[in-house]
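Residue strings, one per chain:
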Amino acid sequence: MKRTLKRVLCAVLAITLLLSFAGCAKISYIANGTIGAIKEIKDGSWKTDTQATDSNMNAPSEIVIDSFVAGTYGGVEFTSEEDVVNYYIECYDNTKAQTANYIDADGNTQEFYALVGEEKMTIDNILVDGTENQMLNSVVPGIVETAFQYNVYGLPPCNNRNPLLDNTNGDAANPGAYDLRTSHFKPEYALAGNVKENSDGTITITIQPKDASMSVRGEDSQGSFFEVLNDLGATVNQLFTDYSMLSWASGTTEENCLVNYKGGTGTVTIDPATKTITAADYHMSVTVEVKHANVTAIKDKSGTIIISHYLHYPASDEYIYKAKTLTRV
């Protein structure tokens, strides 16, 4: 029984891991690599002790940033949090209007965003049927680190480092609903915001967006601020098609796959003289939950994975080269 249960837990975790990569073109590679790597873990390696989880995991976010204080910062007057958001939007648009030349691996000159960033994803917690297992939390993040392939993009949300392709479809001929060269964030999307002045005359703005579920790029409080996972339905349905051992005990894909975003923040440094962003750090926190999953003969299991996605700007020359074999001119 223990061996069978271990296989079931591994398969459920594979589902949640795959969901975390929803919308990625490498979905088949990640599916095969993740499930294959988990199956290679030897029997007897799983600890039986588990820890209870926080029952308020999906409760609304508390404000995690400092309170706004009205005043003049870097020569710019801010009377409200709405002013903070509007200034962020203005500087975001100005920054994404700037491009720079890069040399690709073939020696060709390419024009991409001047400000591109580094990314990192971590697995903060993994739950099976509402409890966490220390062994799972020690093994799975390494699998993700191996599967996740890093890239370089402009300020989030962003679909391509090439401004001409930075839209919700990543296609110049069929751009989709949103042009991501400009911000679609709104003052009403912010849970909180503040501004501080730095010793060099720059200012730092921090924004915490409101919570959201099943966010779509460009559309809502999280999707217009972070690199969200978009709609999971098609990805999950394909997963269930590819792996016949998976099915739902009850309900539909839309009912059983939940993605909740809360507690994330973005902090940007702005030069008021140029109204551009010179440095930034974004932390998106997302909980992906799968409920009522059947794995062969074992019925109605649930799995949850809590993910952090970090973006840091500007990316180092070393990172840009390693991620995409690009060299700044």
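Preceding this section is the structure that the text describes.
Residues numbered from 1 in each chain as written. Predicted model: local features only at pLDDT ≥ 70, side-chain atom pairs only at ≥ 80, totals over all residues. Heavy atoms only, no water.

## A word on the overall build of the chain
No. 1: Across its full length, the chain carries 7 helices and 16 strands.
No. 2: Relative to its full complement of 329 residues, the chain shows a buried share of 48%.
No. 3: Counting contacts in the chain only where the partners sit at least 6 residues apart, residues at least 24 apart contribute 68% of the total.
No. 4: A total of about 15,200 Å² of accessible surface is found on the chain, and carbon and sulfur atoms cover 49% of it. (Helix = DSSP H or I, 4+ residues; strand = E, 2+ residues; numbered from the N terminus. Buried < 20%, exposed > 50% of the residue type's maximum accessible area, 1.4 Å probe, protein only. Contact = heavy atoms within 4.5 Å. Areas by Shrake-Rupley, 256 points an atom, 1.4 Å probe, with all protein chains shown as cover.)

## Structural notes on unusual backbone geometry
No. 1: Following Pro156, the chain continues into Pro157 via a peptide bond in cis, with omega recorded as -10°.
No. 2: The topology assignment puts Pro157 in the loop between helix H4 (134-147) and strand S8 (190-197).
No. 3: The omega angle of the peptide bond from Tyr313 to Pro314 is 0°, so this bond is cis rather than trans.
No. 4: Along the chain, Pro314 falls in the loop between strand S15 (298-313) and helix H7 (317-324).
No. 5: Although it is not a glycine, Met214 sits at a positive phi angle of roughly 50°.

## Thoughts on the pattern of salt bridges
No. 1: The full count for this structure, using the stated rule, is 6 salt bridges.
No. 2: Here Lys275 and Glu90 are joined by a salt bridge, their closest N and O atoms 3.1 Å apart. Here Lys275, found in the loop between strand S13 (265-271) and strand S14 (276-295), pairs with Glu90, found in helix H3 (residues 81-96); they are 185 residues apart in sequence, far enough to count as distant.
No. 3: Given a relative accessible area of 33%, Glu90 falls into the partly exposed group. (Salt bridge = Lys/Arg side-chain N within 4 Å of Asp/Glu carboxyl O.)

## Concerning the sheet that holds strand S4 (residues 99-103)
No. 1: Overall, antiparallel pairing links the 3 strands, which are arranged S5-S4-S16 in an open sheet. In the strand order of this sheet, the two ends are held by strand S5 (109-113) and strand S16 (327-328), each with one partner.
No. 2: Summarising the sheet, S4 and S5 pair through 5 bridges and their orientation is antiparallel. Within the sheet, the bridge partner assigned to Ala100 lies in S5 and is Phe112. (Pairing = 2+ DSSP bridges.)

## Thoughts on H7
No. 1: Those residues of H7 not exposed but buried are Tyr319, Ile320 and Ala323. Seen along its axis, H7 keeps its buried residues to an arc of 100°; they face one direction. Facing away from the buried side of H7 by more than 90 degrees, the exposed set consists of Glu318 and Lys322.
No. 2: For H7, the elements touching its buried residues are S4, strand S6 (118-128) and S16. (Arc of directions from axis to C-beta.)

## So, the environment of Ile277
No. 1: Here Ile277 is to be found in strand S14.
No. 2: Spatially, the C-alpha atom of Ile277 lies 9.7 Å from that of Ile203, the residues being 74 residues apart in sequence.

## Some points on the side chain of Asn151
No. 1: Within the element layout of this structure, Asn151 appears in the loop between H4 and S8.
No. 2: Reaching out from Asn151, the side chain makes a polar contact with the side chain of Tyr153 at a distance of 3.3 Å.
No. 3: Not counting the four nearest positions on each side in its chain, Asn151 is found in contact with Gly117, Glu119, Arg161, Tyr319, Ala323 and Lys324. (Polar contact = N/O pair within 3.5 Å; in protein donor to acceptor, adjacent residues only side chain to side chain.)

## Observations concerning the environment of Thr168
No. 1: With respect to the secondary-structure elements, Thr168 resides in the loop between H4 and S8.
No. 2: Taking the C-alpha atoms as reference points, Thr168 and Tyr178, separated by 10 residues in sequence, lie 5.4 Å from one another.
No. 3: Filtering out sequence-adjacent residues up to four positions away, Thr168 remains in contact with Asn159, Pro175, Gly176, Ala177, Tyr178, Leu180 and Arg217.
No. 4: A polar atom in the side chain of Thr168 sits 3.0 Å from the backbone nitrogen of Ala177.

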